[in-house]
Amino acid sequence: MNNLTNNNSPKRLEFETLPTAAINLNTAQITQAVEISNQINHSSQQWQVYLQALALIAFESWLDERSDSLKINIENCTLLHPGLATAIAAVANLQIGEFKLCLLTTTSLTDNQVILPRAVVDLPEYIAHFYVLLEVLEEQDAVTISSYLTYSELRDNCLKTTLKPTSDWNYHIPINWFVSEPDRLLLYLHCLEPAAITLPQPNNKNTQVLAKIQNELLNLLPQLQSPEIELWQILTWEQGMAVIAHPELLTWVYNLPQKPHHDSSQNSLKDLLKLLTQPALNVGRWLWDELDELAQEFAWQLLPVVTPAAAMRSPTEEFTAIVTQLQQRNIEIPMQARGAYQDFLLTGIPLRLYAVAWHLLSESDPHLWTLLLVLGTASHQTLPVHLKLRVSDQTGVLVEKGINPQQGEAYLFTRVVGNWDEKFLVTVSLIDGVEVNLPPFTFCPQKVI
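What counts and what doesn't
Residues numbered from 1 in each chain as written. Predicted model: local features only at pLDDT ≥ 70, side-chain atom pairs only at ≥ 80, totals over all residues. Heavy atoms only, no water. Pairing = 2+ DSSP bridges. Helix = DSSP H or I, 4+ residues; strand = E, 2+ residues; numbered from the N terminus. Contact = heavy atoms within 4.5 Å. Axes fitted to C-alpha atoms, helices over the stretch in contact; angles between N-to-C directions. Buried < 20%, exposed > 50% of the residue type's maximum accessible area, 1.4 Å probe, protein only. Salt bridge = Lys/Arg side-chain N within 4 Å of Asp/Glu carboxyl O. pLDDT = per-residue confidence, 0-100. Core = buried A, V, L, I, M, F, W, Y, C linked by side-chain atoms within 4.5 Å. Parallel < 35°, antiparallel > 145°, perpendicular 65-115°, else oblique. Left-handed = near helix turned anticlockwise from the far one by under 90°. Nonpolar A, V, L, I, M, F, W, Y, C, P; charged D, E, K, R; others polar.

A. View of the sheet that holds strand β2 (residues 72–73). One open sheet holds the six strands; their spatial order is β1-β7-β6-β4-β3-β2, and the pairing between them is mixed. The strands lining the two open edges of the sheet, one partner per strand, are β1 (23–24) and β2. Bridge count for strand β6 (residues 130–137) against strand β7 (residues 142–150) is eight bridges, and the pairing is antiparallel. If you follow Val 132 over to β7, its bridge partner there is Tyr 148. Along the sheet, helix α5 (residues 151–161) contacts β6 and β7; its crossing angle with β7, the most-contacted strand, is approximately 65 degrees.

Pasting the structure below:
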């Protein structure tokens, strides 16, 4: 760990004793918190994440000691995802049964205000049924569960006081809004119906905003590459909401300072924004000999089941010849694979993309699929010089292939593998700025997406 001794938190006076309700943390738990904070690349943010990790570990211990039936689920906890942990200064998206909880940390309960990140108040993705305030006494290796606040009470109080957020995307709320009876929180978690506290549901509003601001984010890319600058210093809140509501995009931004090449980062961000905002073709429907509405809209044509045959010149027969070539390269296409093709123009050049998908049978992961792509010309000519085929997923550019001018290649091949919840974006480009994006490919073999 780099900077955990460089904090400026208030020191407790020597004669102060720990509250009787304090939860003492052992060495293993402190080491666990250090390990969580060490996942953060930016040293300036490690301290805050360390305090939050201590709070989470202490809260888990407290809950475990006080109840055998309440089990906490931290799978979607923001603290365990570095991009979210650095953007949201709270431990959001904890789950206990059907309840969502958000942990807020303070190093001193003598403050009369509590800071809530705006994201956990205004974004449905991170709003909680209960906000729990914990005092982290890091010098004493202890934490106290101080108080809690329901979302209903928070919302009502905000409306009554017409509370406004600060420019750094926080709310400062009075500490007396919180109820200093942690045992009552346990009672609610045991007995209350989650529907008693109505939460706003996530919708696609922020995805629509993201679609509108794509070019703005691309222009802001150079500023986003500085690890010392926080999102609120660069983005408007509307832009920030769209980014924070999409964890994949937030992760991409978080990792941006480690990305070396500006141009490849531009392409990667551009592709990610399209993956997040554009509807996707469901190639899993091809296994049922069906094209979804999007495939029909873009004039994809289903191919028959792959069988060896002599090379001919119709799309079906051409593809059969391609399959034979692939088999000669030890690329096997199983009988259950299904494919389709689409013709399109790039600067007047007629191109044809074949796509073949199938379910990968794997003992380690039963939900894998693969997408084989073959790019050629619709006129059966060699591919133009400088033509490139790029495939991206939500982590970045996976493949970028160009042709070998000396070999006069007729086709570009590539194949990618992903889970059922992964999408792939295919881009065909000629020179910088001249490209065609096809709708993303997804794979859901069920009848309905």
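B. Fine view of the pairing of strand β4 (residues 99–106). In terms of burial, β4 is a largely internal element, seven of the eight residues being buried. With four bridges connecting them, strand β3 (residues 91–96) and β4 associate as antiparallel partners. Pairing of Leu 94 across the sheet is with Leu 101, part of β4. Turn length for the β3-β4 hairpin, with the two strands adjacent in sequence and antiparallel, is two residues, and the turn residue Gly 97 shows positive phi of about 60 degrees.

C. Region of the structure containing the pattern of salt bridges. Scanning the entire structure with this criterion turns up 11 salt bridges. The closest approach of N and O atoms between Glu 181 and Arg 184, which form a salt bridge, is 3.7 Å. Of the residues examined, Glu 181 reaches a relative accessible area of 40% and is grouped as partly exposed. The partly exposed category is assigned to Arg 184, whose relative accessible area is 34%. A salt bridge links Asp 271 to Arg 390; its shortest N-O distance comes to 2.8 Å. Of this pair, Asp 271 sits in helix α12 (residues 262–277) while Arg 390 is found in strand β14 (residues 388–393), placing the two residues 119 residues apart along the sequence. Residue class for Asp 271 comes out buried when judged on its relative accessible area of 0%. Residues joined by salt bridges that share partners form a network here, namely Lys 270, Asp 271, Arg 390, Glu 400 and Glu 435.

D. Spotlight on the side chain of Arg 338. Here Arg 338 is to be found in strand β11 (residues 338–346). Relative accessible area serves as the criterion here: at 7%, Arg 338 is assigned to the buried category. Setting aside its immediate chain neighbours within four residues, Arg 338 contacts Trp 286, Leu 287, Asp 289, Leu 302, Leu 303, Pro 304, Val 305, Ala 355, Val 356 and Ala 357.

E. A look at the confidence of the model for the chain. Across the chain, the average pLDDT comes to 87, with 91% of residues at or above 70. Overall, residues 1–15 carries pLDDT values under 50, and its contacts beyond four positions in sequence, including any with other chains, amount to 29 contacts.

F. Summary view of the nonpolar core. Ranked by internal contacts, the top residues of the largest apolar core, which has 93 residues, are Leu 116, Tyr 131 and Leu 249. It is helix α2 (residues 43–66) that provides the largest number of residues to this core, a total of 13 residues. In contact with Leu 249, other than residues within four places in its own chain, are Leu 210, Leu 217, Val 243, Leu 269, Leu 272, Leu 273 and Leu 276. Membership of the second largest hydrophobic core comes to 34 residues, among which are Phe 344, Leu 373, Val 426 and Leu 438.

G. Summary view of the sheet that holds strand β12 (residues 349–360). Taking strand neighbours across the sheet as the criterion, the five strands line up as β10-β11-β12-β13-β16 in an open arrangement whose pairing is antiparallel. Strand pairing shows two members of the sheet lacking a second neighbour, β10 (301–302) and β16 (412–419), which therefore form its edges. The sheet strands contacting helix α14 (residues 315–328) are β11, β12, β13 (368–377) and β16, and the helix crosses β12 at an angle near 60 degrees.

H. View of the packing of α2 against helix α6 (residues 182–191). It is at 12 Å that the axes of α2 and α6 come closest, and there the two elements cross at 70 degrees. With respect to each other, α2 and α6 are oriented roughly perpendicular. Of the two possible hands of crossing, α2 and α6 adopt the one that is right-handed. From α2, Trp 62, Leu 63 and Arg 66 reach across to α6, where they touch Pro 182, Asp 183 and Leu 186. Tallied by class, the residues present in the contact of α2 with α6 amount to four nonpolar, no polar and two charged.

I. Structural view of unusual backbone geometry. The backbone of Asn 93 sits at a positive phi, close to 65 degrees, despite the residue not being glycine. Along the chain, Asn 93 turns up in strand β3. Here Thr 162, not a glycine, exhibits a phi torsion of approximately 45 degrees, which is positive. Within the element layout of this structure, Thr 162 appears in the loop between α5 and β8 (170–174). We classify Thr 162 as exposed; its relative accessible area is 53%.

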